[in-house]
Amino acid sequence: MIDKRHKTLGEFIIENQSSFQYTSGELSKLINALRLGAKVVSHEVNKAGLIDILGAAGETNIQGEHQQKLDVFANEKFIQTLKNREIVCGIASEEEEDFISINSNDEQHQNKYVVLIDPLDGSSNIDVNVSVGTIFSIYRRVTPIGTPVQLEDFLQPGRNQVAAGYIVYGTSTILVYTTGDGVNGFTLNPALGTFYLSHPNLEYPEDGKIYSVNEGNYVHFLQGVKDYIKYCQEEEGNRPYTSRYIGSLVSDFHRNMIKGGIYMYPKSSINENGKLRLLYECNPMAFIAEQANGVATGGRTRIMDIEPTELHQRVPFFCGSKNMVDKLKEFLVKYH
Ligand code: AHG
Ligand code: MN
Ligand code: MN
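Below is a summary of the structure that appears in this document. As the structure is a prediction and not an experimental result, all values here were calculated from the model.

## Observations concerning the overall build of the chain
The secondary structure content of the chain amounts to nine helices and 13 strands. Taking all 336 residues of the chain together, the buried fraction comes to 53%. Of all intrachain contacts in the chain linking residues separated by at least 6 positions in sequence, the fraction that spans at least 24 positions is 66%. On the chain, roughly 15,300 Å² of surface is accessible, and the fraction owed to carbon and sulfur atoms is 46%.

Written out as structure tokens, the structure is:
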């Protein structure tokens with residue numbers, strides 16, 4: 001139950017501002033802007049089921065408003081919010097081919113952060129009323145402040161992240177984020193438009209009983225992954241594990257972090273590098289996972305140590321409770 005004894009996200013941001021290493025209030029303002037974007041998108045996601053009544057995407061609805069696809073809508077809203085508030089110098093989005101530079105010579109506009117975002121994650125679930133989300137990742141730029149941002153400001157390894165978070169638009173809307181000092185979750189009270197601290201200090205259980213993978217791709221997986229899946233299904237000790245796969249990374253991740261589990265999107269004979277994007281999906285989730293005592297690996301390499309080479313790069317992704325990921329790694333090294 002959430003009531004007024006719970007801290008609001010706004011209060012939490014202010015109280016924790018002084019603990020940031022490079023505090024200037026800029027990061028707080030940035031998280032505030034993402035909070036606002038989350039509320040706007042949450043409102044729209046909740047209306048998605050009314051689309052047949054109000055008009056389908058691409059059409060003009062009864063009020064003469066143009067209906068957009070939710071992923072386009074979410075992309076525009078987050079970009080607009082960040083631009084309007086003038087708190088970042090650049091944005092890279094899964095929905096945009098190139099990064100966006102928000103630099104100007106204006107002295108007021110000397111921002112040092114870039115944001116990378118997956119505005120709508122799990123988009124195939126929109127039409128069927130299943131939880132979707134947003135993922136964001138924040139870095140300090142590496143090129144000089146006041147100059148236009150460059151590709152290298154975005155192609156940083158995940159370990160350089162200053163903050164990362166996600167929003168799940170689920171049975172309720174929850175925003176989870178870290179600034180490198182643990183992970184906290186805030187649930188939206190839609191009536192008041194306020195996020196309340198509902199999940200302080202989120203941590204993965206060390207062990208879990210859930211494995212999440214698209215098993216439709218099983219025959220295409222490498223032998224190590226196949227053997228691990230069989231291990232999950234074997235009857236021994238606390239096994240078999242339960243299989244749960246929503247198909248929205250944010251939702252699968254959120255459940256596994258709370259209950260204990262492992263998420264896998266391996267490479268396969270049809271997807272050479274898996275499917276998930278390093279910069280918009282894997283790095284932010286890896287940062288949150290590690291801050292919550294979990295592990296995130298590409299197989300051999302820690303996700304956050306991968307040196308990115310391109311904006312939309314894909315990598316295999318394994319993430320979850322420590323003991324489960326450690327066990328998976330034992331299987332992987334046998335073959336690769
Ligand atoms: P997006 O909607 O941003 O393109 O991401 C979808 C991703 C991720 O959320 C999910 O876990 C995965 O794709 C599901 O892929 P499969 O349908 O191949 O299992
Ligand atoms: Mn996604
Ligand atoms: Mn997306």
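## So, the coordination of the manganese ion (ligand 3)
Protein coordination at the manganese ion (ligand 3) comes from Glu-94 (OE), Asp-118 (OD) and Leu-120 (O), with a distance range of 2.3 to 2.5 Å. Here the donor residues for the manganese ion (ligand 3) map to a single chain with the spacing E-x23-D-x1-L. Separating the manganese ion (ligand 3) from the manganese ion (ligand 2) is a distance of 3.7 Å, and Asp-118 supplies a donor atom to each of them. In this structure, Asp-118 and Leu-120 share a single accessibility class: buried.

## Quick word on the packing of aromatic side chains
By convention here, two paired aromatic rings are described through the distance between centres and the angle between planes. Under the counting rule described, the total for this entry stands at twelve aromatic pairs. Between the aromatic rings of Tyr-228 and Phe-331, the centroid separation amounts to 5.8 Å while the plane-to-plane angle is 65 degrees, which identifies the pairing as edge-to-face. Taken together, the residues span a long stretch of sequence, with Tyr-228 in helix 6 (residues 223–233) and Phe-331 in helix 9 (residues 322–335) at a distance of 103 residues. Phe-331 matches Tyr-228 in its accessibility class, with the two residues each being buried. Following the ring pairs from residue to residue traces out a cluster consisting of Tyr-228, Tyr-231, Tyr-241 and Phe-331. Over the ring of Tyr-231 we find Arg-239, and its NZ or CZ is 3.7 Å from the ring centre. Taking the ring centre of Phe-331 as reference, the NZ or CZ of Lys-334 above it sits at 4.6 Å.

Reading guide: rules and limits
Position numbers for residues start from 1 in each chain and track the written sequence from start to end. Whichever chain is written first becomes A and whichever ligand is written first becomes 1, with later ones labelled in order. Where totals are concerned, whole chains, interfaces and linings use all residues; where local detail is concerned, this predicted model gives features only for residues with pLDDT of at least 70, and gives and counts side-chain atom pairs only at 80 or more. To obtain the side-chain values, all non-hydrogen atoms of the structure were included, while hydrogens and water were left out. By the criteria applied, helices consist of DSSP H or I runs no shorter than four residues and strands consist of E runs no shorter than two, each listed in order from the N terminus. Relative accessibility decides the category of a residue: with a 1.4 Å probe and only protein chains considered, values under 20% of the type maximum give buried, values over 50% give exposed, and everything between is partly exposed. Should any heavy atoms of two residues lie within 4.5 Å, those residues are considered in contact. Methods summary: accessible areas were calculated by the Shrake-Rupley approach with a probe of 1.4 Å, and residue burial reflects only the protein chains presented. Only nitrogen, oxygen and sulfur atoms within 2.8 Å of the metal, or 3.2 Å for Na, K and Ca, are treated as donors, and water is left out, so sites may look incomplete. By convention, a stacked pair of Phe, Tyr or Trp rings (six-membered ring in the case of Trp) has centres within 6.5 Å and planes under 30 degrees apart, an edge-to-face pair has planes over 60 apart, and any other such pair is tilted. Our definition puts a charge over a ring when NZ of Lys or CZ of Arg is within 6 Å of the ring centre and also within 35 degrees of the ring normal.

These results come straight from atomic positions and should not be treated as a statement about function.
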